[in-house]
Amino acid sequence: MNRRPTIIDVARKAGVSKSTVSLVLRNSPAVREDTRGEVREAMAEIGYVYNRAAANMRMSNAGLIGLVINDLRNPFFAEFATSLQMALAEKGYSTVIANTDENAVLQDQVVNSIIEHGVSAFIISPAYGDTGATFDAIARAGIPAMQMLRQVDDRLGLFPFTAPDYVSGSEEATRHLIDMKARRVAFVGGLDGRAVTEERKAGYLSVLKEVGMEPLAITGKASRAFGREAAKRLIKEHPDVDAAICFNDLVALGMLSGCYETRRKVGQDFLIVGFDDIEDVAQTFPALSSVRCDIASIGAQAANTVVNWLENGQVPPPTSRTTVSLSIRQSSQSDAQEH
């Protein structure tokens, strides 16, 4: 080699990304020891000379966390991203935030771009689809990464997963509706086969099995438009259904509109419970009951976890669940004698 070796040459020799070499030069704890050894061996073999001035420039990215969110249009994920960003800022960390718009290909592109900026860690609420390349790239770079709210990669020892206790939330919501003397409860929204849909539905199915009530699941997009049409569909096809647990608050808000259009009085003729308890649902009329996931606390906890991982080497457990509760409001507080 006639020219002076560069970081790119080291990366090629070691079979890692340029950002991983940068992390090794900064003595970042984000790089595994075996990877660190391979990089330093590559430096020695090709005669790479440490450039302290360049390394000091790269230090401007120290404390940068990559926050990748599947859908920032959804208020639940927007509230989560905001609370997490603020919690990290209080600890002296900056965030680079990317919205993948539920697109696994775009997710792969933005993650690789963020890796090139030398981030210290990732917190990802992943898109569904073929995400193997995304997480393989993070693994090769040796960057700590947490899966939040959704799990798409099974390597939980490498990519720990944290989410609310969705199952207990739907159990509590279902028991509440039964206590309100609902004759038949439907589960509305969420795409079939996705883990988060199945979890949120599991508690509902478990309680109905206990009480001997026949389940009815109407699955589909987690949107207001779907909820609105589902409310109309229920009154036409399943007039015996007088209560619903919705996959999320957007579906529940859509059902409020659909019930209004079909002249069903929510809280009297029909009971609704949403899921997530985003800020807006307490301001609707009638106010919407919802499973509260405490988004702000989840963000603060995620910030503590990733900072402890980076600064103290405290690796998170493979899986952790945060507690949920039920916020009961007008949409599900029926007078028992009316049923």
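Please refer to the structure placed before this passage.
Residues numbered from 1 in each chain as written. Predicted model: local features only at pLDDT ≥ 70, side-chain atom pairs only at ≥ 80, totals over all residues. Heavy atoms only, no water.

Draft legend 1. Quick peek at the pattern of salt bridges. All chains considered together, the criterion is met by 21 salt bridges. Of the charged contacts, one joins Asp-153 and Arg-155 as a salt bridge, the two residues approaching to 2.8 Å between their closest N and O atoms. Using a relative accessible area of 32% as the deciding quantity, one classes Arg-155 as partly exposed. Residues participating in the shared-partner salt-bridge network are Arg-228, Glu-229, Lys-232 and Glu-261. (Salt bridge = Lys/Arg side-chain N within 4 Å of Asp/Glu carboxyl O. Buried < 20%, exposed > 50% of the residue type's maximum accessible area, 1.4 Å probe, protein only.)

Draft legend 2. View of the sheet that holds strand β11 (residues 319-322). The strand order across the open sheet built from six strands is β2-β1-β3-β4-β5-β11, with neighbouring strands paired in parallel fashion. The open sheet terminates on both sides in strands that have one partner only, identified here as β2 (94-99) and β11. Strand-to-strand twist in this sheet, taken as the mean axis angle between neighbours without regard to direction, amounts to 20 degrees. With three bridges connecting them, strand β3 (residues 121-125) and strand β4 (residues 145-148) associate as parallel partners. From the neighbouring strand, Ile-124 faces β4, where its bridge partner is Gln-147. (Pairing = 2+ DSSP bridges. Helix = DSSP H or I, 4+ residues; strand = E, 2+ residues; numbered from the N terminus. Axes fitted to C-alpha atoms, helices over the stretch in contact; angles between N-to-C directions.)

Draft legend 3. Layout of the environment of Lys-18. Looking at where Lys-18 falls in the secondary structure, it is placed in helix α2 (residues 18-25). Linking Lys-18 and Ile-8, residues 10 residues apart in sequence, is a C-alpha distance of 5.7 Å. Setting aside its immediate chain neighbours within four residues, Lys-18 contacts Ile-7, Ile-8, Ala-11 and Glu-116. (Contact = heavy atoms within 4.5 Å.)

Draft legend 4. Structural context of the packing of aromatic side chains. This model, assessed by the stated rule, comprises four aromatic pairs. Directly above the aromatic system of Phe-247 lies the positively charged group of Arg-200, at a separation of 5.0 Å from the ring centroid. (Phe/Tyr/Trp six-rings, centres within 6.5 Å; stacked < 30°, edge-to-face > 60°. Lys NZ or Arg CZ within 6 Å of the ring centre and 35° of its normal.)

Draft legend 5. Highlighting the packing of helix α1 (residues 7-14) against α2. In contact at an axis separation of 8 Å, α1 and α2 are set at 105 degrees when each is read in the N-to-C sense. Between α1 and α2, the angle is such that the two are roughly perpendicular. Across the interface between the two elements, Ile-7, Ile-8, Val-10 and Ala-11 from α1 touch Lys-18, Val-21 and Leu-25 from α2. (Parallel < 35°, antiparallel > 145°, perpendicular 65-115°, else oblique.)

Draft legend 6. Layout of helix α5 (residues 75-90). Over its 16 residues, α5 extends 23 Å from the first C-alpha to the last, a length consistent with the 22 Å expected when each residue adds 1.5 Å. For α5, the full list of buried residues reads Phe-76, Phe-77, Phe-80, Ala-81, Ser-83, Leu-84, Ala-87 and Leu-88. Its buried side turned inward, α5 meets β1 (64-69), β2, β3, β4, β9 (271-276) and α12 (295-312). You can read the cap of α5 off the contacts: a side-chain oxygen lies 2.9 Å from the backbone nitrogen of Phe-76, and it is on Asn-74. At the exit of α5 stands Gly-92, carrying a positive phi of roughly 90 degrees. (Expected span 1.5 Å × (residues − 1). Polar contact = N/O pair within 3.5 Å; in protein donor to acceptor, adjacent residues only side chain to side chain.)

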